[in-house]
Amino acid sequence: MRELKIGIVQQHNVADMKNNIERLAERITDLAQRGAELVVLQELHNSLYFCQTEDVNNFDLAETIPGPSTGFYGELARDLGIVIVTSLFEKRAAGLYHNTAVVIEKDGTIAGKYRKMHIPDDPAYYEKFYFTPGDLGFHPIDTSVGRLGVLVCWDQWYPEAARLMALQGAELLIYPTAIGYESSDTEEEQQRQREAWTTVMRGHAVANGLPVVAVNRVGHEADPSQQTGGIQFWGSSFVAGSQGELLYRANDNEEESVILNIDLDHSEQVRRWWPFLRDRRIDEYKAITKRFID
């Protein structure tokens, strides 16, 4: 059995970025001291979720990669001897920005990065205003703890993204996330959305025979424009096994930092039982590249 100890940090962010980062560092350190080998953080974890409004001043939050955050988390990873999956607002050039996950190796170096490919544009999630769609493709990142298929939030609804990671040997699918309830939705609708979010990623685990880690932020963040009631991020970060079984799901309203043990070798056995990759009809999938088939 090749066991991997995964730490997840579900945090409520505030306007004070220094406070957010300090609390993250404390939790990462605690998880490492408890035995975590890999720590996964939520989407855009340094700041509030600024995409609730379209404000050009928010581009000041972006930074280069390498830059201050990769330096900070790199030093932390090196000191603790762990791998960290971060999620940063990348400034690539003036007027060119990405929503980028950066994987930090345990020696403090950058193992690789992934630029979010699917960019939403919905009320309170105006990400197309800020982020250029990724151009690095869907490629796993090799690390000392395994080959990580790192995707970001809205990517989690697309089976194609998970499949392409799996086809390139990803051993684990990872989704830093920022998603929550709209205040005007009924309680029933809110729960349908939360369950759909969990279910679709558990489906990726089943279809690809791979464990899934999804880490969401939690707590209420006000809409600076006051046009909406803000977002109540629903937390519910979870780890699912390679048959979609829920190994752990965090609560929907409190911060949590926990460690889960994953048997990476179990995926081999699951794929022997359910050889989905063997039975794919790749000769008949050409139409999948079309937007719609009339």
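Conventions used here
Residues numbered from 1 in each chain as written. Predicted model: local features only at pLDDT ≥ 70, side-chain atom pairs only at ≥ 80, totals over all residues. Heavy atoms only, no water. Core = buried A, V, L, I, M, F, W, Y, C linked by side-chain atoms within 4.5 Å. Buried < 20%, exposed > 50% of the residue type's maximum accessible area, 1.4 Å probe, protein only. Contact = heavy atoms within 4.5 Å. Axes fitted to C-alpha atoms, helices over the stretch in contact; angles between N-to-C directions. Helix = DSSP H or I, 4+ residues; strand = E, 2+ residues; numbered from the N terminus. Parallel < 35°, antiparallel > 145°, perpendicular 65-115°, else oblique. Left-handed = near helix turned anticlockwise from the far one by under 90°. Nonpolar A, V, L, I, M, F, W, Y, C, P; charged D, E, K, R; others polar. Salt bridge = Lys/Arg side-chain N within 4 Å of Asp/Glu carboxyl O. Patch = residues over 30% accessible without salt bridge, like charges linked within 9 Å, V, L, I, M, F, W, Y side chains within 5 Å. Areas by Shrake-Rupley, 256 points an atom, 1.4 Å probe, with all protein chains shown as cover. Phe/Tyr/Trp six-rings, centres within 6.5 Å; stacked < 30°, edge-to-face > 60°. Lys NZ or Arg CZ within 6 Å of the ring centre and 35° of its normal. Pairing = 2+ DSSP bridges.

Looking at an unreviewed UniProt entry, the chain carries the name Hydrolase, carbon-nitrogen family, with the source organism given as Prevotella veroralis F0319.

Asks: Sorry, what's going on with the nonpolar core here?
Replies: Nonpolar side chains tend to gather and get buried jointly when the protein is soluble and globular. Among the nonpolar cores identified, the biggest contains 61 residues, and Ile6, Leu38, Phe89, Ile174 and Val213 are the most heavily contacted of them. Contacts of Val213, omitting those with residues within four sequence positions, involve Ile6, Ile8, Val40, Leu172, Leu173, Ile174, Tyr175, Phe238 and Val239. Within the second largest apolar cluster, 19 residues are counted, among which are Ala25, Ile65, Tyr73 and Val102.

Asks: Sorry, what's going on with the packing of helix α1 (residues 17–33) against helix α2 (residues 68–80) here?
Replies: Relative placement of two packed helices is described by the angle separating their axes and the distance separating the axes. Here α1 crosses α2 at 20°, and the two axes come no closer than 10 Å. By the criterion of interaxial angle, the relationship of α1 to α2 is roughly parallel. Judged by the twist between their axes, the crossing of α1 over α2 is right-handed. Seen from α1, the contacting residues are Ile21, Leu24, Ala25, Ile28, Thr29 and Ala32; seen from α2, they are Phe72, Tyr73, Leu76 and Leu80. A per-class count over the contact of α1 with α2 returns nine nonpolar, one polar and no charged.

Asks: What exactly am I supposed to notice about the pattern of salt bridges here?
Replies: Oppositely charged side chains may form a pair once their charged atoms are brought near each other. As enumerated under the stated definition, the model contains 22 salt bridges in all. As a salt-bridge pair, Glu255 and Arg27 come within 2.5 Å of each other at their nearest N and O atoms. In this pair, Glu255 sits in the loop between β14 (246–249) and β15 (256–263) while Arg27 sits in helix α1, placing the two residues 228 residues apart along the sequence. Assessed through its relative accessible area of 31%, Glu255 is described here as partly exposed. Between Arg92 and Asp135 there is a salt bridge, with its nearest N and O atoms 2.6 Å apart. Separated by 43 residues along the polypeptide, Arg92 in strand β3 (residues 83–93) and Asp135 in the loop between α3 (127–130) and β6 (141–143) bring together distant segments of the chain.

Asks: Can you walk me through a nonpolar patch on the surface in this structure?
Replies: Together, Leu164, Leu167 and Leu277 make up a nonpolar patch on the protein surface, roughly 220 Å² of accessible area in all. When its relative accessible area of 43% is taken as the criterion, Leu167 is described as partly exposed.

Asks: Is there a simple way to explain unusual backbone geometry in this structure?
Replies: A negative phi holds for most residues other than glycine; trans holds for most peptide bonds. For the bond from Ile65 to Pro66, the omega torsion is 0°, close enough to zero to count as cis. Mapped onto the fold, Pro66 is located in the loop between β2 (38–40) and α2. One non-glycine residue with positive phi stands out, namely Ala124, at about 75°. As for its position among the elements, Ala124 is in the loop between β5 (110–115) and α3. Its relative accessible area of 9% is what places Ala124 among the buried residues. The phi dihedral of Ser236 is positive, around 60°, even though this residue is not glycine.

Asks: Hey, could you run me through the packing of aromatic side chains in this one?
Replies: As enumerated under the stated definition, the model contains 21 aromatic pairs in all. Centroid distance Phe89 to Tyr130: 6.4 Å. Interplanar angle 85°. Geometry classified as edge-to-face. In this pair, Phe89 sits in strand β3 while Tyr130 sits in helix α3, placing the two residues 41 residues apart along the sequence. Residue classification places Phe89 among the buried residues on the basis of a relative accessible area of 5%. For Tyr130, a relative accessible area of 2% puts it in the buried group. These aromatic residues form a ring-pair network of at least three members: Phe50, Phe59, Phe89, Tyr97, Phe129, Tyr130 and Phe131. Taking the ring centre of Phe233 as reference, the NZ or CZ of Arg217 above it sits at 5.3 Å.

Asks: What is the right way to read the sheet that holds β3 from this model?
Replies: Backbone hydrogen bonds are what pair the strands of a sheet, in a parallel or an antiparallel way. With mixed pairing, six strands are arranged side by side in an open sheet as β5-β4-β3-β2-β1-β15. Of all the strands in the sheet, just β5 and β15 have a single pairing partner and so form its edges. If you compare each strand with its neighbour and ignore which way they point, the axes differ by 30° on average.

Asks: I keep staring at the sheet that holds strand β10 (residues 212–216) and nothing clicks. Help me out?
Replies: Pairing in this open sheet of six strands is mixed, and the strands run β6-β7-β8-β10-β13-β14 from one edge to the other. Single-partner strands in this sheet number two, and they are β6 and β14. Strand-to-strand twist of the sheet, defined as the mean angle between neighbouring strand axes without regard to direction, takes the value 20°. Where strand β13 (residues 238–240) and β14 come together, three bridges link them in antiparallel fashion. Residue Phe238 lies in a different strand from β14, and its bridge partner there is Arg249.

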